[in-house]
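Each chain, letter by letter, is given below.
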Amino acid sequence: MSKVDFTDIQGLLRFGYGAMTCASYELLRIRDLAAARAWLLSAPVTTAANADPPPDTALNVAFTASGLAAMGLPESVIADFSHEFRSGMAVESRSRQLGDVDANSPANWHWGAPGREPHLLVM
């Protein structure tokens, strides 16, 4: 039986942060790869390790497929992710499934449409 290394998992996956009463979300695009990598290496991302007392604040990061590519992850690795993750929210078949048509079409989105996808979400 393998042991889970909770220090290698983001806290949101384990705790959900239900006791925290507010949140902030930033959708970002990577323009400077070196700066993005340096920030990610130094970012105090909250892990899933137990803390006593629990933290008052948390920082978690989520990448899109285009964000992983912008970070330099090889396409052969990205190809191992699910089709839904790799294709994103704005593909025609998904738009129809979700009701994102007519006025709600990705063409009308401020972000998320092809060419306007965020690379990462910082929470």
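Residues numbered from 1 in each chain as written. Predicted model: local features only at pLDDT ≥ 70, side-chain atom pairs only at ≥ 80, totals over all residues. Heavy atoms only, no water.

Visitor: Explain the packing of aromatic side chains to me, please; I cannot follow it from the model alone.
Guide: The description of an aromatic ring pair uses the distance of the two centres, along with the angle that the planes make with each other. Under the definition given, this model contains 1 aromatic pair. When the ring of Phe81 is compared with that of Phe85, the centres are 5.0 Å apart and the planes differ by 35 degrees; the resulting orientation is tilted. Looking at Arg14, its charged tip hangs above the ring of Phe6, at a distance of 3.8 Å from the centre. (Phe/Tyr/Trp six-rings, centres within 6.5 Å; stacked < 30°, edge-to-face > 60°. Lys NZ or Arg CZ within 6 Å of the ring centre and 35° of its normal.)

Visitor: Would you mind showing me how to read unusual backbone geometry here?
Guide: For residues that are not glycine, phi is negative in most cases, and the peptide bond is trans in most cases. Note that the residue after Asp52, namely Pro53, is joined by a cis bond; omega there is 5 degrees. Residue position: Pro53 is located in the loop between helix H2 (33–42) and strand S2 (61–63). Even without glycine at this site, Tyr17 takes up a positive phi of about 60 degrees. For Tyr17, the location among the structural elements is in the loop between helix H1 (11–15) and strand S1 (26–28). (Helix = DSSP H or I, 4+ residues; strand = E, 2+ residues; numbered from the N terminus.)

Visitor: Honestly, the sheet that holds strand S3 (residues 120–122) in this entry has me stumped. Any pointers?
Guide: Within a beta sheet, neighbouring strands are joined by backbone hydrogen bonds and run either parallel or antiparallel to one another. The 3 strands are arranged S1-S3-S2 in an open sheet whose pairing can be described as antiparallel. The open sheet terminates on both sides in strands that have one partner only, identified here as S1 and S2. Between one strand axis and the next, the sheet turns through 20 degrees on average, direction left out of account. Looking at chain direction, S2 and S3 are connected through 3 bridges and run antiparallel. What sits directly across from Val61, in S3, is Val122. (Pairing = 2+ DSSP bridges. Axes fitted to C-alpha atoms, helices over the stretch in contact; angles between N-to-C directions.)

Visitor: What exactly am I supposed to notice about the side chain of Ser95 here?
Guide: Its location among the elements puts Ser95 in helix H6 (residues 92–98). We classify Ser95 as buried; its relative accessible area is 6%. (Buried < 20%, exposed > 50% of the residue type's maximum accessible area, 1.4 Å probe, protein only.)

Visitor: Sorry if this is basic, but what is going on with the nonpolar core here?
Guide: Among the nonpolar cores identified, the biggest contains 8 residues, and these are Ile30, Ala36, Ala43, Leu59, Val61, Met71, Leu120 and Val122. The contact partners of Leu120, leaving out residues within four places of it in the chain, are Glu26, Leu27, Leu28, Ile30, Trp39, Val61, Ala62 and Phe63. (Core = buried A, V, L, I, M, F, W, Y, C linked by side-chain atoms within 4.5 Å. Contact = heavy atoms within 4.5 Å.)

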